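These are the residues of each chain, in order.
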Amino acid sequence: MKVAALLKHPVNTAEEAGQQLVDTYKIIGTPADNYPLDDKWLEEISALSFQRAHDPAGKLRQQAAVLAAPDRRKALAALRLPTLVMHGTVDPMIRPAGAQATAKAVPGAKLVIMPGVGHGALPREVGRS
């Protein structure tokens, strides 16, 4: 997978972290033909995160947690709070069926499917429409 190739190279500076995030979202994020990618914002957010709490092992812990995660439906069914599940139709990481299953598992959850939106950073234009 292209993202795995990007992430296997460690970043050593805030600037490298910013570029890696931009490169990642060009692969998994919303296609630029649908909504423009805000490279500058992604670079800034990533650089700030790097400066605040850079931990090279963090990505490995996150990947291990995803792989080891148990079925959450029983715990989700116990939730009693307003829940909004938002998901893009062109997310290459998680199929829309995953969002539908999550919304179904939480009592009273509202599901919003966003046409043309990919994984991760929500395009600002989606919130304005």
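Above this text you will find the structure in question.
Residues numbered from 1 in each chain as written. Predicted model: local features only at pLDDT ≥ 70, side-chain atom pairs only at ≥ 80, totals over all residues. Heavy atoms only, no water.

Q: What am I meant to see in the overall build of the protein chain here?
A: Helix and strand content of the protein chain: 7 helices and 2 strands. Starting at the N terminus, the α and β elements of the protein chain follow one another as α-α-α-α-α-β-α-β-α. Viewed in the frame of its principal axes, the protein chain has a C-alpha envelope of about 45 × 35 × 30 Å. Every one of the 129 residues in the protein chain was classed for burial, and the buried ones make up 23%. When contacts within the protein chain are restricted to residue pairs at least 6 apart in sequence, long-range pairs at least 24 apart make up 70% of them. About 9000 Å² of surface is accessible on the protein chain, with carbon and sulfur atoms providing 59% of the total. On the protein chain, the mean spot of the 16 positive side-chain charges and the mean spot of the 12 negative ones are 12 Å from each other. (Helix = DSSP H or I, 4+ residues; strand = E, 2+ residues; numbered from the N terminus. Buried < 20%, exposed > 50% of the residue type's maximum accessible area, 1.4 Å probe, protein only. Contact = heavy atoms within 4.5 Å. Areas by Shrake-Rupley, 256 points an atom, 1.4 Å probe, with all protein chains shown as cover. Lys, Arg positive; Asp, Glu negative; His and termini not counted. Charge placed at Lys NZ, Arg CZ, Asp CG, Glu CD.)

Q: Help me understand the nonpolar core, please; the structure alone is not making it clear to me.
A: Most often, soluble globular proteins keep nonpolar side chains buried together rather than apart. Core analysis: the biggest nonpolar cluster contains 5 residues, these being Val11, Ala14, Ala17, Ala47 and Phe50. Among the secondary structure elements, those contributing two or more residues to this core are α2 (14-28) and α3 (39-53). (Core = buried A, V, L, I, M, F, W, Y, C linked by side-chain atoms within 4.5 Å.)

Q: Explain the environment of lysine 40 here, please?
A: Residue placement: lysine 40 occurs in helix α3. Take lysine 40: its relative accessible area is 58%, and that puts it in the exposed class. Residues lysine 40 and glutamine 19 lie 21 residues apart in sequence; the distance between their C-alpha atoms is 9.6 Å.

Q: Got a minute to help me understand the pairing of strand β1 (residues 84-88) in this structure?
A: Across a regular strand the side chains alternate sides, sitting on one face of the sheet and then on the other. By the bridge criterion, 5 bridges tie β1 to strand β2 (residues 110-114) in an arrangement that is parallel. Within the sheet, the bridge partner assigned to glycine 88 lies in β2 and is methionine 114. (Pairing = 2+ DSSP bridges.)

Q: Would you explain the pattern of salt bridges in this entry?
A: It is possible for side chains bearing opposite charge to pair when their charged atoms get close. Counting across every chain of the model gives 5 salt bridges. Here aspartate 55 and arginine 61 are joined by a salt bridge, their closest N and O atoms 2.4 Å apart. Arginine 73 is paired through a salt bridge with aspartate 71; the nearest N and O atoms lie 2.3 Å apart. In this structure, arginine 73 and aspartate 71 share a single accessibility class: exposed. (Salt bridge = Lys/Arg side-chain N within 4 Å of Asp/Glu carboxyl O.)

Q: Please clarify how a nonpolar patch on the surface should be interpreted in this entry.
A: A contiguous nonpolar patch, built from Trp41, Ile45 and Leu48 and spanning about 260 Å² of accessible area, is present on the exposed surface. Structurally, the position occupied by tryptophan 41 is in helix α3. (Patch = residues over 30% accessible without salt bridge, like charges linked within 9 Å, V, L, I, M, F, W, Y side chains within 5 Å.)

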